[in-house]
Structure formats: C-alpha cells, structure tokens
Amino acid sequence: MANGSGAARLSRYPLLELLHPREQTRAVVLLLALGLTGWGALVWAARMPVWGATSILVGLLLVPGVRKWRADLRREGLTVMVLSVILTMQGFHSLEHLAQWIQYHIFHWQPQRSSGLISAANAEWVHFVWNWGVVFVVALLMFRGIRSPWAWALLAWTLAHSAEHTYMMVRYLQVKQELGLLGEPSVSAQGLPGILGRDGWLATSMLTGDSWCGRLPGLTTTMRLDVHFWWNTGETLLLAAAGHAYLRRRAATFSQRQDWM
Amino acid sequence: MFESNGAGLGIDDLDGDGDQDIVLANLAEPNSILWNEGGLRFRKQSLSHGDSRGVNIVDVDGDGRQDIVFTRHVLPPSLWRNLEDGRFSEDVLPGVEGKLYSSNWADLDGDGDLDLAGAAYDTALEEDLGYNFMFTRSGGGAYAYENLGGGQFGYDRLSDRADALALLLHDLDSDGRPEVLIGNDFDLPDQTWRREGERWVQAQPFSKTSHSTMSLDAGDVDNDGVMEIFSTDMKPYNHDVRTVAQWRPLMTRTPHETFRGDPQIMENVLQVRDRSGRYRNEAYERRADATGWSWSGKFGDLDQDGHLDLYVVNGMLAADLFDYLPGKELVEQNQALRNDGKGGFRRVSEWGLGSHASGRGMSMADLDSDGDLDIVVNNLHKPAELFENRLCGGSSLQVALRWPGSENTHAIGARLALHTSDGSFYRDVRVASGYLSGDPSRIHFGFPQGATLERLEIVWPDGKSSRVENLRAQTLVTVTR
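Residues numbered from 1 in each chain as written. Chains lettered and ligands numbered in written order. Predicted model: local features only at pLDDT ≥ 70, side-chain atom pairs only at ≥ 80, totals over all residues. Heavy atoms only, no water.

1. Some words on the pattern of salt bridges
When the charged atoms of two side chains with opposite charge come close together, those side chains can pair. The line we're drawing: Salt bridge, as used here, is a side-chain nitrogen of Lys or Arg placed within 4 Å of a carboxyl oxygen of Asp or Glu. Labels follow the DSSP assignment, with helices taken as runs of H or I lasting at least four residues and strands as runs of E lasting at least two, numbered in each case from the N terminus. For every residue, the accessible area obtained with a 1.4 Å probe (protein chains only) is divided by the maximum for its type, and the residue is called buried under 20%, exposed over 50%, and partly exposed between those limits.
For the structure on display, the rule yields 37 salt bridges over all chains. Linking Arg22 of chain A and Asp72 of chain A is a salt bridge whose minimum nitrogen-to-oxygen distance equals 2.4 Å. Here Arg22 of chain A is found in the loop between helix 1 (14-19) and helix 2 (25-45), whereas its partner Asp72 of chain A is found in helix 3 (residues 50-76), with 50 residues between them in sequence. Judged by relative accessible area, Arg22 of chain A falls into the partly exposed class, the value being 24%. By relative accessible area, Asp72 of chain A is classed as buried at 0%. With its nearest N and O atoms 3.1 Å apart, the salt bridge here joins Arg65 of chain B to Asp63 of chain B. When its relative accessible area of 27% is taken as the criterion, Arg65 of chain B is described as partly exposed. On the basis of relative accessibility, which here comes to 32%, the residue Asp63 of chain B falls in the partly exposed class. Several salt bridges converge on common partners, so that one network encompasses Arg198 and Asp199 of chain A together with Lys235, Glu267 and Asp289 of chain B.

This is the structure we're talking about:
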C-alpha cells in the first residue's frame, strides 16, 4: 500500500493533475470515441432509450477509470483516490444537469422530457440515491482529513440538497400511490417541485406561501430544472474548492517535511 | 336561478328601470332573460332559441336601447333587437357570417359607431361541421366587422385560424384605439391585432401568454392608471398529493409541445405594462397564476377597498380526459383572490364564493341596488348561481354614461377616473370580458368608507373629456353628453 504521499508536490492546479488520466489517456480517448459512436447508433438506429445507451457508455469508461483510480490508490492513498472518484463522478453528474438545461432551454423540450441522459430511467431515484451517496462520501472524506471551511460548506450544501431530494422522493412516492388508487399506476409522478423553486413547498405552503419568502426571486420563482442545475453547480464548485484546498495543504506539508529532512 | 349548461351570460339594464337584468345563454335549451324585479327577485322570460354560447349586451342600432347578441353553436351570431317594454325581435347582423365563438364590440375604426370583433373555435367547428373547402371562407378564423351604417357590416379577416375562447378589445398602446386580443385554446398562440390606417396588422406585445387561454379581462390592479391584462389557464391551485395526482394524468396526456420562441405557459398570466410600454407577466409574483381549470376570470372591487379583486370560476367535465375521476369530473372550488393593496393577490375562502358547480360564464354587477358588486355564474350542467355581496365593506359610486344622438349611445370605450382623498381609480366601459360574458355598461367604483370624492373625469370614445364634481358616495350617477 502506498504511503499517500507519492505524488504530493506543490502545484498551482493540483485538481487537474489528480484528474488527469495519465497512462489511461489513450484508452479513455479511444473508448470515448467508440462509446459516443455506439451511443449515437444505439439511440438513433436501434431506438435504445438514451439512459440505456448512456449507461453503456459510462460502463465502458469505467474500465480505464477503475485502472486510473487503482493507480491513484497506489500513488496517493485511499483519501485522494476517493476524492478523485467523487470529483470524476460529480463531473459526470454535472453533465447530466447540463444536458437537462440544454434540452429545456436550447431544444425547448417540455420539462418532463428534459430529463437528461440517465435520469430518464427515473429522475427521482437517480438523483435521490446519487445525492445521499455524495453526502456519505463527503462525510467520509472529512473523517479522513479533508477538513476546511470549504469542506464544511460542502457538507452543509450536500445535506440541504439531499433534504430537498428526500422531500421530492416522499412526494413522488405519495403521488405514485395516489395515482394507483385512481387506477392510473402507469402515469409518471416524476418532476414534481421540491422545497425550493417555482411552485415548491416554500412558494405554496400555508406557512410560507403568502409571506415574503414565498416569492424570493430565483429561490422560489425558478423552475425545478434550473434550481437543481444551480444546486449541482454549487456542489461541484464546493467539492472542487475543498479538494483543491486539501491537496494544496497536503502538498505543502509534504514539501515542509522534505525541507526538514 | 335557472338551469343552464355552462355557456356565457350578460348583465345590463335592458328595460331602463334602473335594475340590472341578466341574460343567460344556453346551448341545450332556450336562452333566457331574468328580469330584475328588485329585492333579488327575477322573472324568467325564455327566448325562442338556444344553441348559444356568448352574450353581448350592446346598443347595435343606436336607438338608445340595449340589444342582445348571442354567438351560436354552429351558426352566425343572432341579434335580439330591443323593441322597448321587454319585447325583442330576432334578427341577424347583415354581413356577419362567421360562426363566432367569442365576440366583443367597440369603435374599432374611430368613425363613431360600434364595430364587432369575433373569432371562431375552429377545432370544435371542424368536429361539428366536418372540414371542407368552404370552411375557411365562411366559418373559422377571426374577423373585424366594420359597421358600415344602415345595419350593414363589412369584414376584414384577421386570421385564418382561431380557437378563441376569449376576445378582449383594449387599448394596449394608449393610442386611443382598441387592439383586438384573441385568447386561443391549446397550442394555437393568442393573437393581438392592431389597426394601422385602413388595415389590421398583427402585433406581439406579450413575451408570455397563457397556453390554453380561456378568458381575458383588463383592470388596473395597482391604481397607476394603466390597466393590466389577465388571462386564465389550467393550473391547480392546491399542491396537496390528491390534487397533484388528479391533474397528473391530464398533464401527461395533453403535452404542450413548445417551440423556439414559444410564448405560451400553462398558467394564468397577468400582463403588467412598464414605463417603457412593454408588458411583462407578473401573475406568479402576484400570486394570480393558479386558479384551477379556469374559465371566466374577472376583476371587480368586491370588498370596496379601492383595489380590484379577482374572481375566477373553474372545474372541468370531460369523459375522455377524466375517466379516472368519479363522475369523470375535475371538481374544483371557484377562486376569489383579494387584492392586497399593492397589486398582489391572496386567496380568500371566507368570502363564501367557493362554489364547486363547474362555472363557465361569469359577470359582476350590482343586482340588489345596494351599491356593491354581486356575481352571477352560468354553470355547466347545474343551475346558475347568484352570489349576493354581503362583505359590507367600503363604499361605492356607480356611473352610467349616455351619449344620445351618437351611434355609441352607452359610450363603449370611454375611460373613467375617479379621484378621491384615498387615491384615484380607473375603469373603462366595455361590452364583454372573461369567458363569453357580457359586462354591464354601468361602472362600479369601490373605495374605503369615508373617502372624499373629489371629481370624476371621463374621456369619451371620441377623445373629448368631461369632469363631474359634487359626487356623493353610494349613488348612481348618470352622465349624459
């Protein structure tokens, strides 16, 4: 097992160095090209659902990804490897939100149809599971030493974001059950507003709907798709900031140790 | 009140006795007039035909008596000429052959007489009549019918296609002439037509419009002298699990296909004009965006506090859309929205207006001569309802304009401003608004108790102005020019 300091050196952009595929670069590029071609063929020619084709593409990229992360583990240790994994995965999650944003704002699809690349399988479960997964990983990283104001802000942000997804999951399951009682179990209950956003709990509840916080520009006036685009953007930026701060601090500590030796 | 079936209605003083009478259109049975005999007692008179949708009460022939114009199911409009003493003769409007759904009247060309604007609901017409090559010439689309004098009308075809549930005539750009606003159902966007010289051109004053526009009204909700435009659409007013589930199958079965630059949103829209003359939708910010599957929605100062409130009737019965609901009906509660004094709205259930009777046409007028606005609703498959105003708030002034000798005897299109110690209030005289519903030519101003009435300013349809002073609250003032 590596001692966790193999590649630690003071760099201006430690995150970019961490995320670089290094010896897996050729495999990533090749599989990405192959995967995108196959994705197009499966979606347009074979009429495969977008979420299915995207899952295959992500599965392909996982092969060099896992190799790269194993190398990270050997070179940098478990904490940095987990940071590398979560940063990469959160990057993909950001692409998902970007895809939704483009589908709605650029392609002018309906909100229900603007479900991104993977969420079309089930937006509620995908985002609920993912966000609680992020909370768990962030807590783990903090436990293993990634602690800074950025990390604390990230933990608070991810908890709030996950609370919103929990509210949406509860509403989703309740409406789904009610639809079953109405004899319409196949009708989708996905995409309902959450706590924030247009027609969300803050904007419509008896407690807050008629108060000043029922119509806070952006916070209770923006549609769900945009609210979660910004939830996710904030999460990604805070994760990057926490990772950057940790890697810089770690490299600085390593550099000091070398000076003393 | 009497059985009806969800068409429109109109309210005005048809016999000149000072009481407001009610006209109920009926698609299944004969239309009826409910003669107001005082004390909220009415005497029913059936007219010889039904098969009607909308009601306009307007002096078509300029004889000083209010006539009745009905839009029909698959026929051109019918005119019921007021002969005095409660007698009417059925007539046609020569030159008006369009199978109109929505209609309205104003002096569109500035020549002093009243012209007609009307539009069809093409989707329903095609279903009822079957599409044929004659259809676009004789049936569908939107028209401006110019009053040529001598009872004759010529027409300009504004649009080949319309699904018009609502039609409002309102001066959007303050140039002294009304624009034609057509509220279309479902995917066909609303249309606005402006007259430039001798021709009509399409205008795009709104960046957002309702998707399935059911109703249009204009009212100055913030008392700044500029009227806001309100349109109704379909959006649930509650967000509880049961309501959401009831709406969900409908939303997935009738998807709204958007397109680049599509202005339509599935919400009520409140168009607010800024200083630069541009309109912006502020329905959501002002909490007027969701009133259920809404039909007629109109402004009126129901509590007489000097601020226009909103009343919206709603509900839907459709076997194909709601086969999963009991009785195949989306049962909803009519929504009263109280103006908070800053142009925003709050739902008020304590006013007792939350009927579940599936309202369609709706209009407001002082039916018991106590000075405040009462409400009449024409319901679907249920008796019509009259809501007597017992809010007992504030005070009022009612104004009736008369312009004998002109072709516009009730001054349709006139603008009024009442200046008081508690602010200024603005109204206009129009024939119809909401969904298929005629408005009384008598104008109601509400204001707080104790306010001093300073003066009433009137801008007549030809631009001339009048000023009336020495006004007293709780009176009806008739201003004759």
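2. Re helix 3 (residues 241-253) of chain B
Residue pairs three or four apart in sequence face the same way in an α-helix, which turns once every 3.6 residues. Residue and element names in this part refer to chain B. The following threshold applies: Here the expected length of a helix is defined as 1.5 Å per residue gap, with one fewer gap than residues. Two axes enter the bend calculation: one fitted to the seven residues ending at the residue in question, the other to the seven starting there, and the bend is the angle between them.
Helix length check: helix 3 (13 residues) gives 19 Å between terminal C-alpha atoms against 18 Å at 1.5 Å per residue, within 8%. Of all the bends in helix 3, the greatest reaches close to 30 degrees and is centred on Trp247; the proline Pro249 follows between one and four positions later. By the burial criterion, the buried members of helix 3 are Val241, Thr243, Val244, Ala245, Gln246, Trp247, Arg248, Pro249 and Leu250.

3. A short note on the sheet that holds strand 13 (residues 164-170) of chain B
All names here are of chain B. So the rule is basically this: Strands were regarded as paired on the criterion that DSSP finds at least two bridges between them. Lines are fitted to the C-alpha atoms to define the axes, a helix being fitted only along its stretch in contact, and any angle between axes, read from their N-to-C directions, falls within 0 to 180 degrees.
With antiparallel pairing, the four strands of this open sheet are ordered in space as 13-14-15-16. Unpaired on one side and paired on the other, strand 13 and strand 16 (199-203) mark the two borders of the sheet. Here the strands of the sheet are splayed against their neighbours by 25 degrees on average, with no regard to which way each runs. With three bridges joining them, strand 14 (residues 179-184) and strand 15 (residues 191-196) adopt antiparallel strand pairing. Its bridge partner lying in strand 15, Val180 is registered against Trp193.

4. Observations regarding the sheet that holds strand 28 (residues 335-339) of chain B
The strands making up a sheet associate through backbone hydrogen bonding, with each pair oriented either parallel or antiparallel. Residue and element names in this part refer to chain B. The strand order across the open sheet formed by five strands is 20-24-25-28-29, and the pairing between neighbours is antiparallel. Looking along the sheet, the strands with just one partner apiece sit at the ends: strand 20 (234-235) and strand 29 (345-347). With three bridges joining them, strand 25 (residues 309-314) and strand 28 adopt antiparallel strand pairing. The partner of Tyr311 across the bridge, within strand 28, is Ala336.

5. Quick notes on the interface of chain A and chain B
What counts is decided by this rule: Contacts between residues were defined by any pair of non-hydrogen atoms, one from each residue, lying within 4.5 Å. Once two parts are joined, some of their accessible surface, as seen by a 1.4 Å probe, is lost; buried area is that loss totalled over both. What qualifies as a polar contact is a pair of N or O atoms within 3.5 Å, subject to a donor-acceptor requirement within protein and to the restriction that residues adjacent in sequence count only when both atoms come from side chains. Residue classes follow a fixed rule: Ala, Val, Leu, Ile, Met, Phe, Trp, Tyr, Cys and Pro count as nonpolar, while Asp, Glu, Lys and Arg count as charged, and any other residue, Gly among them, counts as polar.
Opposite the 30 residues of chain A that make contact, chain B presents 29 residues. Of the roughly 2,400 Å² buried between chain A and chain B, counting both surfaces, carbon and sulfur atoms make up 48%. Contact with chain B buries surface across chain A, with His108, Leu182 and Arg215 of chain A losing the most and accounting together for 25% of the total. Where chain A touches chain B, the interface holds five salt bridges. Salt-bridge contacts for Lys235 of chain B lead to Asp199 of chain A; the nearest nitrogen and oxygen are separated by 3.0 Å. Where chain A meets chain B, there are 12 residue pairs in polar contact (both at pLDDT 80 or more). Those elements that place two or more of their residues in the side of chain A that touches chain B are helix 6 (149-181) and helix 7 (201-204) of chain A. With five residues, helix 6 of chain A is the single largest residue contributor to the side of chain A that touches chain B. Grouping the constituent residues of the side of chain A that touches chain B by class yields nine nonpolar, 14 polar and seven charged.

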